[in-house]
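Okay, here's what each chain looks like letter by letter:
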Amino acid sequence: MLTRKHGVTIELWRGDITRLEVDAIVNAANNGLRGGGGVDGAIHRAAGPELLQACMHIGHCPTGEVRLTPGFRLPCRYVFHTVGPVWRGGDEGEETLLANCYRNCLQLAAENAVRSIAFPAISCGVYGFPALSAMNIAWQQISDWLTDQQEHSLQRIVLVAYDEAVWQAGCRVMPGIS
Ligand code: ADP
């Protein structure tokens, strides 16, 4: 499923993010950048042990921020490690923190001349963020960011739906062409 905004193609794609041939993939990391389960584990397995070494060198990433490493054995050039919020019912700034993840990744993409970037559904796994609300935030942030930019390198943004709940939420949130 895809749509276009300000000349940028935005896709909702079902599958494994580690297989995508894009300039950058986003990792839903933890604060310690130690690697873990879910998409984080899949990215570390596909990238090889050099990725964990690079992450250990960086050390820490606050929630809502992003850190960059190479993609090592992945087909992408960069991995953007961002830390989504743990869902605690919605009264602890979770929506703002998730929005910050998307905005900071898009900003980092622009700073590194990234043309294509893929996002997993940050926080929608073990961190428990409701999928529909999370996909709404993702779409809103991408949309606002593209509207605010005068010039940027991005041509393609992929929202990766690995599980059914995220796919269904993405289909409801993304306007346009299927
Ligand atoms: P978080 O801790 O931020 O919740 P998870 O990795 O537990 O991160 O889950 C985030 C989302 O990533 C979930 O929707 C999960 O289904 C999805 N996911 C898991 N493995 C992959 C993968 N290989 N590619 C893309 N998305 C994945």
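Residues numbered from 1 in each chain as written. Predicted model: local features only at pLDDT ≥ 70, side-chain atom pairs only at ≥ 80, totals over all residues. Heavy atoms only, no water.

Draft legend 1. Region of the structure containing the environment of Trp 167. Along the chain, the position of Trp 167 falls in helix H5 (residues 164–173). On the accessibility criterion, Trp 167 (21% relative accessible area) is partly exposed. When sequence neighbours within four positions are dropped, the list of residues in contact with Trp 167 reads Leu 12, Trp 13, Arg 14 and Ala 161. (Helix = DSSP H or I, 4+ residues; strand = E, 2+ residues; numbered from the N terminus. Buried < 20%, exposed > 50% of the residue type's maximum accessible area, 1.4 Å probe, protein only. Contact = heavy atoms within 4.5 Å.)

Draft legend 2. View of the packing of aromatic side chains. This model, assessed by the stated rule, comprises three aromatic pairs. A ring pair is formed by Tyr 102 and Phe 119, whose centres lie 4.9 Å apart and whose planes are at 35 degrees; its orientation type is tilted. Residue Tyr 102 is located in helix H3 (residues 94–111), and its partner Phe 119 is located in strand S6 (residues 116–119); the two are separated by 17 residues in the primary sequence. By relative accessible area, Tyr 102 is classed as buried at 1%. (Phe/Tyr/Trp six-rings, centres within 6.5 Å; stacked < 30°, edge-to-face > 60°.)

Draft legend 3. Summary view of helix H4 (residues 131–148). A rise of 1.5 Å per residue sets the reference length of H4, with its 18 residues, at 26 Å; its end C-alpha atoms lie 26 Å apart and thus fit the reference within 8%. Residues of H4 that are buried include every one of Ala 131, Ala 134, Met 135, Ile 137, Ala 138, Trp 139, Gln 141, Ile 142, Ser 143, Trp 145 and Leu 146, and no others. Considering only its buried residues, H4 is in contact with strand S1 (2–5), strand S2 (8–14), H3, strand S7 (156–161) and H5. (Expected span 1.5 Å × (residues − 1).)

Draft legend 4. Seen up close, the nonpolar core. Residues Phe 80, Ile 117, Phe 119, Ile 157 and Leu 159 are the most contacted members of the largest nonpolar core, which totals 40 residues. Mapped by element, the contributors of at least two residues to this core are S2, strand S3 (24–28), strand S5 (78–82), H3, S6, H4, S7 and H5. Per-element tally for this core: the top contributor is H4, with nine residues. Once residues within four sequence positions are removed from consideration, Ile 117 is found in contact with Val 22, Ala 24, Val 26, Phe 80, Cys 105, Ala 109, Leu 154, Arg 156, Ile 157 and Val 158. The next biggest cluster of nonpolar side chains, apart from the first, holds 18 residues, and it includes Val 22, Leu 33, Cys 61 and Ala 118. (Core = buried A, V, L, I, M, F, W, Y, C linked by side-chain atoms within 4.5 Å.)

Function cannot be inferred from these measures alone, as they are strictly geometric.
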